[in-house]
Amino acid sequence: MSQPYRHYEVVSQLVEKAAHAISLDPKVMELLKEPMRTLTVSIPVTMDDGSIRVFRGFRCQHNNVLGPFKGGIRFHPEADEDEVKTLAALMTYKCAVVGLPYGGAKGGVLCDPRELSEGELERLSRGFIRAIAPIIGPDQDIPAPDVNTNPKIMGWFVDEYAVLQGRYQRGVVTGKPIIIGGSQGRDGATGRGIMYVIREAAAAFGVNLKGATVAVQGFGNVGSYAAKFLYDLGCKIIAVADIFGGVYCRDGIDPYRLKEHEMGTGSVKDFPGTAPISNEELLTMECDILIPAALGNQLTRENADKVKAKWIVEGANGPTTPEADEILKEKGVLVIPDILANAGGVTVSYFEWVQNNYNYYWSAEEVDRRLERVMVEAFRAVKDAYTERDGVDLRVAAYIVALERLAAAMKARGWV
Ligand code: NAD
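Residues numbered from 1 in each chain as written. Predicted model: local features only at pLDDT ≥ 70, side-chain atom pairs only at ≥ 80, totals over all residues. Heavy atoms only, no water.

**A word on the overall build of the protein**
Put simply, the rule reads: In this text, helices come from DSSP runs of H or I with a minimum length of four residues, and strands from runs of E with a minimum of two, each type numbered from the N-terminal end. Partly exposed describes any residue whose relative accessible area lies between the buried limit of under 20% and the exposed limit of over 50%, with all areas from a 1.4 Å probe on protein chains only and scaled to the type maximum. Any two residues whose heavy atoms approach within 4.5 Å are treated as being in contact.
Broken down by element type, the protein carries 14 helices and 12 strands. Taken along its principal axes, the extent of the C-alpha atoms in the protein is 55 × 55 × 40 Å. Counting all 416 residues of the protein, 58% fall into the buried class. Across the protein, contacts joining residues at least 24 apart in sequence account for 69% of those joining residues at least 6 apart.

**Concerning the domain arrangement of the protein**
Rules: What fixes the domain bounds is an automatic or database domain assignment. Buried area: the accessible area, evaluated with a 1.4 Å probe, that two parts lose upon being put together, summed over both parts. Any carboxyl oxygen of Asp or Glu that lies within 4 Å of a side-chain nitrogen of Lys or Arg is treated as forming a salt bridge with it.
The assigned domain composition of the protein is domain 1 (4-21 + 32-180) and domain 2 (189-336). Using only C-alpha atoms to locate each centre, domain 1 and domain 2 end up separated by 28 Å. Taken together, the contact pairs 8 residues of domain 1 with 7 residues of domain 2. Overall, the association of domain 1 and domain 2 removes approximately 570 Å² of surface from exposure, summing both partners, and the carbon and sulfur fraction of that is 44%. Counting every contact that joins domain 1 to domain 2 gives 1 salt bridge.

**A closer look at the sheet that holds strand β8 (residues 245-248)**
For clarity, the cut-off: DSSP-based pairing: two strands are paired if at least 2 bridges between them are found. Angles shown run from 0 to 180 degrees and are taken between the N-to-C directions of axes, each axis being a line fitted to C-alpha atoms and, for helices, limited to the stretch in contact.
On the basis of which strands lie adjacent, the open sheet formed by 7 strands has the order β9-β8-β7-β6-β10-β11-β12 and mixed pairing. Strands at the two margins of the open sheet, each flanked by one partner only, are β9 (275-277) and β12 (334-336). Ignoring which end each strand starts from, the neighbouring axes of this sheet average 20° apart. Relative to strand β10 (residues 289-292), strand β6 (residues 213-217) is paired through 4 bridges, and the arrangement is parallel. Residue pairing for β10: Val 214 is matched across the bridge by Ile 289.

**Notes on the side chain of Ser 183**
Put simply, the test is: We call two N or O atoms a polar contact when they sit within 3.5 Å, provided that within protein one can donate a hydrogen and the other can accept it, with sequence-adjacent residues counted only if both atoms are side-chain atoms.
The residue Ser 183 is located in the loop between α5 (151-165) and α6 (189-205) in this model. With a relative accessible area of 4%, Ser 183 lands in the buried category. Looking at Ser 183, its side chain comes within polar contact range of the side chain of Gln 355, at 3.0 Å. The residues touching Ser 183, leaving out its near neighbours within four places in the chain, are Ile 178, Val 348, Glu 352, Gln 355 and Val 367.

**Describing the pairing of strand β4 (residues 103-109)**
Among the 7 residues in β4, 7 count as buried, and that is most of the element. A two-sided burial pattern is seen for β4, the buried positions comprising Gly 103, Ala 105, Gly 107 and Val 109 on one face and Gly 104, Lys 106 and Gly 108 on the other. In this sheet, β4 lies alongside strand β2 (residues 52-63) in antiparallel orientation, the contact comprising 6 bridges. For Asn 63, the partnering residue across the bridge sits in β4 and is Gly 104. In this sheet, β4 lies alongside strand β3 (residues 69-75) in parallel orientation, the contact comprising 5 bridges.

**What about unusual backbone geometry?**
With the exception of glycine, the majority of residues adopt a negative phi angle, and the majority of peptide bonds are in the trans configuration. The phi angle at Asn 297 is positive, at roughly 55°, despite the residue not being glycine. Mapped onto the elements, Asn 297 comes out in the loop between β10 and β11 (311-313). The phi torsion at Asn 359 lies on the positive side, around 55°, for a residue other than glycine. Structurally, Asn 359 is set in the loop between α12 (344-358) and α13 (364-388).

**A word on the sheet that holds strand β1 (residues 37-46)**
Within the open sheet, the 5 strands sit side by side as β1-β2-β4-β3-β5. Their pairing is mixed. The strands lining the two open edges of the sheet, one partner per strand, are β1 and β5 (141-145). Neighbouring strand axes in the sheet, compared pairwise and without regard to direction, differ in orientation by 20° on average. Taken together, the 10 bridges between β1 and β2 define a ladder with antiparallel strand orientation. Looking across to β2, one finds that Arg 37 is bridged to Gln 61. In this fold helix α3 (residues 81-97) packs onto β1, β2, β3 and β4, with an angle of close to 155° to the strand it touches most, β4.

**Some words on helix α4 (residues 118-132)**
The following threshold applies: By definition here, a helix of n residues has an expected span of 1.5 Å times n minus one.
Along its 15 residues, α4 runs 21 Å from first to last C-alpha, staying within 8% of the 21 Å computed at 1.5 Å per residue. On its buried side, α4 packs onto β1, β2, β3, β4 and α5.

**What to know about the pattern of salt bridges**
A side chain with one charge may pair with a side chain of the opposite charge, provided their charged atoms come close. For the coordinates displayed, the defined rule picks out 29 salt bridges. With a shortest N-O distance of 3.3 Å, Lys 33 and Glu 30 are connected by a salt bridge. Pair noted here: Lys 33 and Glu 30 are both in helix α2 (residues 26-33), with a separation of 3 residues, about one helical turn. Its relative accessible area of 52% is what places Glu 30 among the exposed residues. Residues Asp 146 and Arg 74 are paired through a salt bridge, measuring 2.6 Å at the closest nitrogen-oxygen approach.

**A word on the side chain of Glu 262**
Locating Glu 262 in the fold gives a position in helix α8 (residues 255-265). When neighbours within four sequence positions are excluded, Glu 262 is seen to be in contact with Phe 219, Ser 267 and Val 268.

**Comments concerning the nonpolar core**
Rules: Among buried residues, those of type Ala, Val, Leu, Ile, Met, Phe, Trp, Tyr and Cys that are joined through side-chain atoms within 4.5 Å constitute a nonpolar core.
Of all hydrophobic cores here, the largest spans 91 residues; its most connected members are Tyr 93, Ile 198, Ile 291, Ile 336, Tyr 399 and Leu 403. A total of 13 residues in this core trace back to one element, the largest contributor, which is helix α14 (residues 394-412). Apart from residues lying up to four places away in sequence, Ile 336 is in contact with Val 197, Ala 201, Ile 312, Val 313, Glu 314, Ala 341 and Leu 394. Judged by nonpolar contacts, the second largest core, of 26 residues, contains Phe 55, Phe 75, Ile 153 and Tyr 161.

Next up, the structure:
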């Protein structure tokens, strides 16, 4: 998870490709070119030994024509402005493609949370929220967890914001613990969304998923839930890898039992009844569906030609480089892009915010049912854009859907 996502220019090039395909009003492009605002902050933290350390942080707000800015906050030693800016732009397009009334944002704090004590981490988290408080709010910009941040940190965020405002506003942050307004179903949301998208794609392209072979890179939140939901659908999970190595079994792996093993040993490695496999072997193995759900830049010009999967479904953000994308397209591999495939997470974050605004909470079944509807509709919109235009792949089709919505909102608000 530590690698920066592809650079801002790459996303900009994709957007330009999609804009060209629909002869988008150049004024819309001009307004999307640069983020609306990036705030850089210094966060002084009193360390346990009494010294003071000043951390650097960012909040980038890319575009809010569709609604309040939305996006996670990562704590990472290599977080930088370009990465945060790129991820903020991706959020603008991801929210637009699934039809959420949100804009795109992202935040980052340069730190290594493993080097901080619990108290230092809490003071840093609260300090960051104080620093960005003037530009966030339930109707303005709503942060959420990302790399190395979690519900506990969201609890500190929402509490510090309440202290500053003098009133408790749950909807300022999503990804909170359920007891203070988090949503049911958030944990499995991204994996569940991936499953819905695959199910819809199979129906649209006439593919039978019963017994379809699946390889998953990354067995954390996204990869493990995606594997479980696809297994429940009748797919055969034949390979899984994490940072320590991978496992393979032609007859199929039970992802529920694999998760128990991983929780006990810290890795998927050495799961009984499987053979070891490297990450590189997993990416290029014979299978129907490959789900990169670990890091960015995994499928590159070096290995794309060796990929034997029929479909690639991007659980991670940016696992395929533009060069690899071209090679895979020539080989006839179908790539279901990140901004569509992994949008289940932000969708349930949106549901959390809606429930906070209503002060009325849904059951897990209700959340899943609503998530299914959003993902199915998003897939169909992208599929329509894909079939309507020659030479457009699903990635460009997803950007087309997003751009059409952003352009319509800009027009309706009189921006263009
Ligand atoms: P996570 O930390 O829960 O899990 C990451 C997994 O990837 C772990 O199994 C880890 O061992 C594995 N991994 C790390 N480095 C690896 C390497 N070099 N080779 C193979 N495996 C490696 O993270 P997550 O929440 O599952 O997120 C995974 C990806 O999905 C990230 O790119 C993230 O930005 C993206 N994403 C996550 C969500 C979400 O809701 N969690 C939503 C959208 C996108």
